[in-house]
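Listed here are the chains, written in short residue letters.
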Amino acid sequence: MNITLEESWKKHLEPEFEQEYFKTLVEFVKNEYATQTIFPLGPFIFKALNECPFDKVKVLILGQDPYHTPGVANGLAFSANPENKIPPSLQNIYKELQSDLGIEPPPNPDLTKWSQHGVLLLNATLTVRKGQANSHQGKGWEQFTNAVIKTVSDKKEHVVFILWGAYAQKKESIIDSSKHLIIKSPHPSPFSAHIGFFGSKPFSKTNEYLKANGINQVVW
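Residues numbered from 1 in each chain as written. Predicted model: local features only at pLDDT ≥ 70, side-chain atom pairs only at ≥ 80, totals over all residues. Heavy atoms only, no water.

### Considerations on the pattern of salt bridges
The line we're drawing: Within this document, salt bridges are pairs made up of a side-chain nitrogen of Lys or Arg and a carboxyl oxygen of Asp or Glu, the two lying within 4 Å of each other. Helix and strand definitions here come from DSSP, where helices need a minimum of 4 consecutive H or I residues and strands a minimum of 2 consecutive E residues; each element is numbered from the N-terminal end. Exposure is judged per residue with a 1.4 Å probe applied to protein chains only, and the accessible area is read against the type maximum: over 50% gives exposed, under 20% gives buried, and values in between give partly exposed.
Taken as a whole, this structure holds six salt bridges when the rule is applied. Taking the shortest distance from any N to any O, the salt bridge between Glu7 and Lys10 comes out at 3.5 Å. Here the residue Glu7 and the residue Lys10 both occupy positions in helix α1 (residues 7–17), the gap between them amounting to three residues, near one helical turn. The exposure class of Glu7 is exposed, given its relative accessible area of 56%.

### Some points on the pairing of strand β2 (residues 59–63)
Quick note on the threshold: Two strands are said to pair when DSSP picks up at least two bridges between them.
Taken across its five residues, β2 has five buried, putting it largely inside the fold. On β2, burial covers both faces: Val59, Ile61 and Gly63 on one face and Leu60 and Leu62 on the other are all buried. With five bridges joining them, β2 and strand β3 (residues 119–123) adopt parallel strand pairing. In the sheet register, Val59 faces β3, and the bridge partner there is Val119. Bridge analysis of β2 against strand β5 (residues 160–164) gives four bridges, and the strand direction is parallel. Across the sheet, Leu62 pairs through a bridge with Leu163, a residue of β5.

### Some remarks on the packing of helix α4 (residues 88–101) against helix α8 (residues 202–212)
The condition that has to hold: Axes here refer to lines fitted to C-alpha atoms; in helices the fit is confined to the stretch in contact. Angles between the N-to-C directions go from 0 to 180 degrees. Roughly parallel refers to an angle under 35 degrees, roughly antiparallel to one over 145, roughly perpendicular to one between 65 and 115, and oblique to any angle outside these ranges. Should any heavy atoms of two residues lie within 4.5 Å, those residues are counted as being in contact. Gly counts as polar in this scheme, as do all residues outside two lists: the nonpolar Ala, Val, Leu, Ile, Met, Phe, Trp, Tyr, Cys and Pro, and the charged Asp, Glu, Lys and Arg.
At a closest axis distance of 7 Å, the pairing of α4 and α8 adopts a crossing angle of 55°. What the angle tells us is that α4 and α8 run oblique. On α8, the residues touching Ile93, Glu96, Leu97, Asp100 and Leu101 of α4 are Pro202, Phe203, Ser204 and Asn207. When its residues are assigned to classes, the contact of α4 with α8 shows five nonpolar, two polar and two charged.

### Some points on α8
Residues spaced three or four apart along an α-helix point in a common direction, a consequence of the helix completing one turn every 3.6 residues. Here α8 has its buried residues at Pro202, Phe203, Ser204, Thr206, Asn207, Tyr209 and Leu210. The elements touched by buried residues of α8 are β2, α4, α5 (112–116), β5 and β6 (181–185). With its phi angle positive at about 70°, Gly214 sits one or two positions after the end of α8.

### A few points about the packing of helix α2 (residues 20–35) against helix α6 (residues 141–155)
Heads up, the rule is: We call a crossing left-handed when the near helix sits turned anticlockwise from the far one by less than a right angle, and right-handed when that turn is clockwise.
At a minimum axis separation of 9 Å, α2 and α6 run at an interaxial angle of 125°. Put simply, α2 runs oblique to α6. Here the hand of the crossing between α2 and α6 comes out left-handed. Of the residues in α6, those touching α2 at Tyr21, Phe22, Leu25 and Val29 are Trp141, Gln143 and Phe144. Along the lines of polarity and charge, the residues of the contact of α2 with α6 split into six nonpolar, one polar and no charged.

The following block contains the structure:
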């Protein structure tokens, strides 16, 4: 697996590449792509990092793992390739965006623009087998993405960490809340959006915090 990684991330994450867990992970992922149908396509595994360089990160939104339906996953949490229907959780995110900031929902599910405006859309697990949700959990990806989260927390200031749902909120322990804002709510999934996600106003809270700390607000 050739790791094509944006330079600022490569500099900060280089120690991870030398660790045994990461070498084992690389061998596992290589074998999976050689023998199974895996999403996203290989060049998009690190899209979240490549589209949002370390120096540009203002917000980190954490997802769980990529969509496991063919042609959907594009390497960004909650996002999908533009020709797809908008997935249910993202539909609810768009509804909250409109309710919170009055922004008309985007016409498709591709969130690349958010990444380019400083929103790191990071899944905890970066690959998945076709039709098998969570199939690459526990293989080493979580250790790597924890390192990403901790690097942002330790080496930056005034970043907004948006943790939707119980899985994402487990990562709170590796975030320094004394110098960052943590926004928590139920997950935007149709199963939980109505018990606290709707009305949580994550987008306006994010921009108010950034503005208060002299940082350009996100163009959602």
